[in-house]
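Structural overview
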Amino acid sequence: MAAANNLLSEDQFLCSICLDVFTDPVSTPCGHNFCKNCITEHWNISHRCQCPICKEAFTTRPNLRVNTFISEMVVHSSEQQVSKPGEVPCDFCTGTKLKALKSCLVCLASYCETHLEPHLTASRLKRHQLIDPVENLEDRMCTKHDKPLELFCKTDQTCVCMLCLVLDHKTHEFVPLKDEYDGQKAELGKTEAEIQQMIQKRRLKIQEIKHSVDLSEEDADREIAEGVQVFTALKESVERGQANLINTIKEKQKTTEKQAEAFIKELEQEISELTKRRAEVEQLSRSEDQLHLLQSVQSLKAAPPTKDWTEVSVRPSYEGTVRRAVAQLEETLSKDMKKLVTAELKRVQQYAVDVTLDPDTAHPDLILSDDGKQVNYGDVRKNLPDNPERFSYCVFVLGKQSFSSGRFYFEVQVKGKTKWTLGVARESINRKGNITRRPQDGYWTIWLRNVNEYKALAGPDISLSLKSQPQKVGVFVDYEEGLVSFYDVDAAALIYSFIGCCFTEKLFPFFCPGLNYGGKNSAPLIISPVNQAE
C-alpha cells in the first residue's frame, strides 16, 4: 500500500467538484471519479448528464459504480496519514494535510510518506538530518547566525550553532548536541526512576496510613467498649454508694423513731402515775382528819416511780455519714483505678525498646557502666572532649536511641536514690551551661528532690502526691499523640502525664542521677529490662 501511495499524487484523492477527499468515490463510464453525492447533485441541478471534467454526454444517466481502489486508498489515507489535531502536518501537502513522518533539520520542513521519498532516494538529500516530526523548526535555528543548533555549550548551558563556537563562545566547553542529549536523557531516566520510586514509597505510605486508620478504628472501638464498661461499673458503684447512704440514714431515722416511741410511751406511763399521785395529794390536802393526814402523808412524800430525763435525747447525729460513704466509694474507685492502670501499663509495656546510654552526651562527672545500662555521679571529673553533643554543666546524659514516630517505652530503677530526673528530650536542646528543664525548652521530665518531693517539670512545676515512693519508673511516649506518661511500675500507678505535646524532632531518653550528697544519693540509675505486668 505504501508503494501504491508513492505512485499517486495527492490530487488524485480529491473530488473535482467539492475539492475535498473522496466520500463514497464512484466512477463514470468515461473513467473519471467523483464523490457519489457530488456527481448526483451536479446532475440533478444541471439537468444534463455529462462528465464535469471531459464533458462527455450520456443519453441516459449511467449506473455509477463504486471505485473500490480509490475507496481503499482514501480510507487508508484518512485513517493512517491525515493530520489530526496535535500532530505535525506535512508542509508540502495541498488541500488535506497528511501526517508528517519526519522533519528535516536542513530543509526546516516536515514531510508525509509521499513527500519524504526524495530524502530517502536522492543521494544529495540523504545527507540531511531527519528527526521525528516536530513543529516550529525555526526554533532549531540560531537566531543570530541562522544556522542549525548542532552543539551544546556546557559553560553557558545552551544550544549553539557552529558559528557561535568560533565567534561568541571561543573559550567555552562544547559537546555535540547528541552527546548532551544522551547524557541528559540518561539523567532523565535516573530522575524518572527516582520519581517512580518516590511515587511507590508514597503509595506504600498511603497503604500504611489506611492500615493505621483501620487499626486506629479497632483501637477506638475497643477503648469505647472498655470505657463504657468501666464507666458503667463506676456509675453502678456510685449508685450503690448512694443507695447505701440513703438506706443508712433511713435506718438510723427509723431507729430514732422507734426509740422516740419507746421514750414517749414510758413518759406517758410516768405522766399517768404522776397524775394519779397528784390526785391523791390533792385529795389528802383537803382532808380535815388530822390523824389520817399525818398517817398518809409519809407515803405520798416517797419519790415517785420516775427516772431522770434530763440527759435523754432522741436526735441522732448524721455527722460523717456522707464522708464515710464517699470514703468507701473512693476506696472502691481506687481499686477499680488500679485495675485500669494495671491494664494500661501492660499495654504500654508492649512498646518496650532497648535503651542504652550515649557516652558522647554524658557530663564528664558521670560514670557509665560498660553495657551502657547504669549511670551515677563520680567524684573525679574525666578529661573528655567538649563535643557539641556533651552536657558541659549539668550532670545529664541521653540515650543513644532516638525516636521520631510511633510509641516507645522503657523502665529505670531508682531504688535507693534521694534525687533523680527522668524523661525525654528533643534533639535540639541546649547542652551547655545551666539548663532549664521545661517542655518549652525541649524537656518532658519528672524529678525527685529531698527524698520524697516529686514534681512534674511542666513550667511551672507541678507537685505530685504519691501514695508510695516508686522503686522503678516506666516512661511511655506516643509521638503522634503528643503524650509522655510516667508510671510507678511496682505499684501499677500513673505518676503523671504530659498531654497535647507537639513533637517535631527526634526524641531521646533523658537521665540525671543527681549529685552524691555524701553518699546519700550514690545509687545508680539503672535501665531495667521490661517484665510484662501480670
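Just so we're clear, the structure is a prediction, and the values are computed from it rather than from any experiment.

Thresholds applied
For every chain, the first residue of the written sequence is number 1, and numbering continues from 1 along that sequence. Reporting of local features is limited, given that this is a predicted model, to residues whose pLDDT is at least 70; pairs of side-chain atoms are given and counted only at 80 or more, and all residues count toward the totals for whole chains, interfaces and linings. Hydrogens and water are ignored here; the side-chain numbers use all heavy atoms of the structure. DSSP calls a pair of strands paired once it identifies at least 2 bridges connecting them. Where helices and strands are cited, they refer to DSSP runs of H or I of at least four residues and of E of at least two residues respectively, numbered from the N terminus. A fitted line through C-alpha atoms serves as each axis, taken over the contacting stretch for helices, and the angle formed by two N-to-C directions is quoted from 0 to 180°. Residues are treated as being in contact if the distance between any of their heavy atoms lies within 4.5 Å. Angle categories are assigned with fixed cut-offs, so that under 35 degrees is roughly parallel, over 145 is roughly antiparallel, 65 to 115 is roughly perpendicular, and the rest are oblique. Crossings are classed by handedness, with left-handed meaning an anticlockwise turn of the near helix from the far one by less than a right angle and right-handed meaning a clockwise turn. Criterion for a disulfide: a pair of cysteine sulfur atoms within 2.5 Å. Only residues whose relative accessible area exceeds 30% and that take part in no salt bridge are eligible for patches, with like-charged residues grouped when within 9 Å of each other and nonpolar side chains (Val, Leu, Ile, Met, Phe, Trp, Tyr) grouped when within 5 Å. For the area figures, the Shrake-Rupley method with a 1.4 Å probe applies, and any residue is considered shielded solely by the protein chains shown. For salt bridges, the criterion is a side-chain nitrogen of Lys or Arg within 4 Å of an Asp or Glu carboxyl oxygen. Grouping buried Ala, Val, Leu, Ile, Met, Phe, Trp, Tyr and Cys residues that are joined through side-chain atoms within 4.5 Å yields what is termed a nonpolar core. Throughout this description, buried means an accessible area under 20% of the type-specific maximum (1.4 Å probe, protein chains only), exposed means over 50%, and partly exposed covers the range between. The predictor attaches a confidence to each residue, and that confidence, scored 0 to 100, is pLDDT. Stacked, tilted and edge-to-face are the three classes applied to pairs of Phe, Tyr and Trp rings, where Trp contributes its six-membered ring and a pair requires centres within 6.5 Å; stacked means planes under 30 degrees apart, edge-to-face means over 60, and tilted covers the rest. Both a distance and an angle decide whether a charge sits over a ring: NZ of Lys or CZ of Arg must be within 6 Å of the ring centre and within 35 degrees of the ring normal. A positive count includes Lys and Arg, and a negative count includes Asp and Glu. His and the chain ends are not counted in either. Multiplying 1.5 Å by the residue count of a helix minus one yields the expected span of that helix. Whenever a nitrogen or oxygen atom comes within 3.5 Å of another N or O atom, the pair is scored as a polar contact, on the condition that within protein one atom can donate a hydrogen and the other can accept it, and that pairs from neighbouring residues in sequence are kept only if both atoms are in side chains.

Overall, antiparallel pairing links the three strands, which are arranged E5-E4-E6 in an open sheet. The sheet is open, and its two borders are formed by strand E5 (109-111) and strand E6 (130-131), each paired with just one other strand. Where strand E4 (residues 102-104) and E5 come together, three bridges link them in antiparallel fashion. When the sheet's bridge partners are listed, cysteine 104 is paired in E5 with alanine 109.

A few words now on the sheet that holds strand E9 (residues 174-176). Pairing is antiparallel in the open sheet, where three strands are placed in the order E8-E7-E9. A single partner strand is all that each edge strand has here, and the edge strands are strand E8 (158-160) and E9. Mean inter-strand twist for the sheet, computed between neighbouring axes without regard to direction, equals 35°. Taken together, the three bridges between strand E7 (residues 151-153) and E8 define a ladder with antiparallel strand orientation.

This next bit is on the environment of cysteine 501. With respect to the helices, strands and loops of the structure, cysteine 501 is situated in the loop between strand E20 (493-498) and strand E21 (507-512). Between the alpha carbons of cysteine 501 and alanine 279 there is a distance of 90 Å; along the sequence they are 222 residues apart. Sequence-distant contacts of cysteine 501, that is, excluding residues within four places in its chain, are made with Trp444 and Gly482.

Attention now moves to the pairing of E20. Direction of pairing for strand E19 (residues 483-488) relative to E20: antiparallel, over a ladder of five bridges. By the bridge assignment for E20, serine 485 is matched with serine 497. In this antiparallel pair of consecutive strands, E19 and E20, the connection spans four residues, and alanine 492 shows a positive phi of 50°.

On to the packing of helix H7 (residues 177-285) against helix H9 (residues 321-348), then. Direction vectors running N to C along H7 and H9 enclose 165°, while the axes themselves pass 9 Å from each other. Here H7 lies roughly antiparallel to H9, going by the angle between them. At the point where H7 passes H9, the crossing takes the right-handed sense. For the pair H7 and H9, the contacting residues are Glu223, Glu226, Val230, Leu234, Ser237, Val238, Leu245, Thr248, Ile249 and Lys252 in the first and Thr321, Val322, Ala325, Leu329, Thr332, Leu333, Asp336, Leu340 and Arg347 in the second.

Turning to the state of the cysteines, a few remarks are in order. If you walk through the whole model with that rule in mind, you get zero disulfides. Here cysteine 104 stays free of any disulfide, with the sulfur of cysteine 107 as its closest cysteine sulfur at 3.6 Å. Of all cysteine sulfurs in the structure, the one in cysteine 161 sits closest to cysteine 164, which takes part in no disulfide; the separation is 3.5 Å.

On to a nonpolar patch on the surface. The grouping of Leu163, Val166 and Leu167 at the surface amounts to a nonpolar patch, some 250 Å² of accessible area in total. Here leucine 163 shows up in helix H6 (residues 162-167).

Membership of the largest hydrophobic core comes to 49 residues, with the highest contact counts inside it found for Trp420, Phe498 and Phe511. Tallying contributions element by element places E21 first for this core, with five residues. Apart from the residues lying within four places of it in its own chain, the contact partners of tryptophan 420 are Val414, Ile446, Trp447, Leu448, Arg449, Tyr454, Val473, Cys512, Pro513 and Leu525. The next biggest cluster of nonpolar side chains, apart from the first, holds twelve residues, and it includes Cys15, Phe22, Phe34 and Cys35.

A few words now on the pattern of salt bridges. Counting across every chain of the model gives 16 salt bridges. Via salt bridges that share partners, Glu223, Glu226 and Arg347 belong to a single interconnected network.

Before going further, it helps to spend a moment on unusual backbone geometry. With an omega dihedral of 10°, the bond running from glycine 459 to proline 460 counts as a cis peptide bond. If you trace the backbone, proline 460 turns up in the loop between strand E16 (453-456) and strand E17 (462-464). Of note in this structure, leucine 108 is not a glycine but carries a positive phi near 55°. Topologically, leucine 108 is positioned in the loop between E4 and E5. Unlike most non-glycine residues, aspartate 146 shows phi in positive territory, near 55°.

All right, on to the confidence of the model for the protein chain then. One rule of thumb: low pLDDT means the predicted coordinates there are not for detailed reading. Summing up the model confidence of the protein chain, the mean pLDDT is 86 and the portion of residues at 70 or higher is 95%. Of the regions scoring below 50 in pLDDT, residues 1-7 engages in 14 contacts with residues more than four places distant in sequence or in other chains.

Further remarks concern the packing of aromatic side chains. This model, assessed by the stated rule, comprises 14 aromatic pairs. With a centroid separation of 5.1 Å and an interplanar angle of 5°, the aromatic rings of phenylalanine 92 and tyrosine 111 are classed as stacked. With a gap of 19 residues between them, phenylalanine 92 in the loop between helix H3 (68-81) and E4 and tyrosine 111 in strand E5 connect regions that are remote in the sequence. Since its relative accessible area comes to 44%, phenylalanine 92 is described here as partly exposed. Judged by its relative accessible area of 5%, tyrosine 111 is buried. Taking the ring centre of phenylalanine 391 as reference, the NZ or CZ of arginine 431 above it sits at 5.9 Å.

Tracing the backbone shows aspartate 358 in the loop between H9 and strand E10 (366-368). Here aspartate 358 sits buried without a salt bridge, and the closest side chain of opposite charge, lysine 400, lies 5.7 Å off (N-O distance). For aspartate 358, the contacting residues outside a window of four places in its chain are Leu368, Val397, Leu398, Gly399 and Lys400.

Moving on: helix H8 (residues 290-301). Helix length check: H8, at twelve residues, gives a terminal C-alpha distance of 17 Å against a target of 16 Å (1.5 Å per residue), a fit within 8%. You can read the cap of H8 off the contacts: a side-chain oxygen lies 3.3 Å from the backbone nitrogen of leucine 291, and it is on aspartate 289.

On to H7, then. The end-to-end C-alpha distance of H7, which contains 109 residues, comes to 152 Å, matching closely the 162 Å that a straight helix rising 1.5 Å per residue would cover. Considered for burial, the residues of H7 that qualify are Glu180, Ser237, Leu245, Thr256, Ala260, Phe263, Glu270 and Leu284.

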